[in-house]
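Descriptive analysis of the structure
Each chain is listed here by its residues.
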Amino acid sequence: HPAQKPIELLKALIELSTVENQLILDPFCGSGSTLLAAYELKRNFIGIDSSTEYVEIARDRLRDAKDKQDAVLF
């Protein structure tokens, strides 16, 4: 994807500008790095992208993150 962003950088930006349960909007979410960072920081999020291929990648990444979190709880 042409605009790769490190998740740790996105998490730092999200922590500086929001608190838990606030809403993050990423209208060009691509593979979902911002959404994943928001999820890990307990923010609500909405992601939009024109590429169905990248939307599926973002969904898979979020699903994997949720599955890993659920596994830790048990």
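Coordinates for the structure precede this section.
Below: a short report on this structure. (Residues numbered from 1 in each chain as written. Predicted model: local features only at pLDDT ≥ 70, side-chain atom pairs only at ≥ 80, totals over all residues. Heavy atoms only, no water.)

1. As for a nonpolar patch on the surface
Applicable threshold: Exposure above 30% relative accessible area and no salt bridge define the residues that can form patches, which grow by joining like charges within 9 Å and nonpolar side chains of Val, Leu, Ile, Met, Phe, Trp and Tyr within 5 Å. For accessible areas, the Shrake-Rupley method is used with a probe of radius 1.4 Å. Any residue's cover is judged against the shown protein chains and nothing else. Within this document, salt bridges are pairs made up of a side-chain nitrogen of Lys or Arg and a carboxyl oxygen of Asp or Glu, the two lying within 4 Å of each other. Comment: elements are numbered from the N terminus, with helices defined as DSSP H or I runs of at least four residues and strands as E runs of at least two. Each residue is placed in one exposure class: buried if its accessible area under a 1.4 Å probe, protein chains only, is under 20% of its type's maximum, exposed if it is over 50%, and partly exposed if it falls in between.
Taken together, the side chains of L23, L25, I46 and I48 make up a nonpolar region of the molecular surface, amounting to roughly 380 Å² of accessible area. With respect to the helices and strands, L25 occurs in strand 1 (residues 23-26). Residue L25 is classed as exposed on the basis of its relative accessible area, which comes to 53%.

2. Here's the deal with the pattern of salt bridges
Under the criterion given, the structure shown has five salt bridges. In this structure, R59 engages E56 in a salt bridge whose closest nitrogen and oxygen atoms are separated by 2.9 Å. In this pair, R59 and E56 are both assigned in helix 3 (residues 52-73), three residues apart and thus about one turn of the helix distant. A salt bridge links R63 to D60, with the shortest nitrogen-to-oxygen separation between them at 2.8 Å. Separated by three residues within a single helix, R63 and D60 lie in helix 3, roughly one turn from each other. Classification of D60 as partly exposed rests on a relative accessible area of 36%.

3. Quick word on helix 2 (residues 33-40)
Of all eight residues in helix 2, six are buried; the element is thus mostly enclosed. Residues of helix 2 that are buried include every one of S33, T34, L35, L36, A37 and A38, and no others. One or two positions beyond helix 2, positive phi appears at K42, with a value near 60°.

4. Quick look at the environment of I14
In plain terms, the rule: Every residue pair with non-hydrogen atoms within 4.5 Å of one another is taken to be in contact.
Tracing the backbone shows I14 in helix 1 (residues 7-17). According to the relative accessible area criterion, I14 is buried, its value standing at 6%. Sequence separation between I14 and D64 is 50 residues, and the spatial gap between their C-alpha atoms is 21 Å. Excluding anything up to four places from it in sequence, I14 contacts I24, T34, A37, A38, L41 and R43.

5. What about the nonpolar core?
Put simply, the test is: For the purposes of this section, nonpolar cores are sets of buried Ala, Val, Leu, Ile, Met, Phe, Trp, Tyr and Cys residues that join through side-chain atoms within 4.5 Å.
If you look at the biggest cluster of nonpolar residues, it comprises six residues: L10, I14, I24, A37, A38 and L41. Those elements that place two or more of their residues in this core are helix 1 and helix 2. C29, L35, L36 and A65 belong to the second largest nonpolar core, which has five residues in total.

6. Digging into the pairing of strand 1
Selection criterion: Note: two strands are recorded as paired if DSSP finds a minimum of 2 bridges between them. Handedness of a crossover is defined as follows: orient the strands so they point away from the viewer, and if the path from the first strand over the helix to the second runs clockwise, the crossover is right-handed.
Only one face of strand 1 is covered, namely the face carrying I24 and D26; the face carrying L23 and L25 is uncovered. Inspection of the sheet shows strand 1 paired to strand 2 (residues 44-47) by four bridges, in the parallel sense. Bridging across to strand 2, L25 finds its partner in I46. Handedness of the crossover joining strand 1 and strand 2 through helix 2: right-handed.

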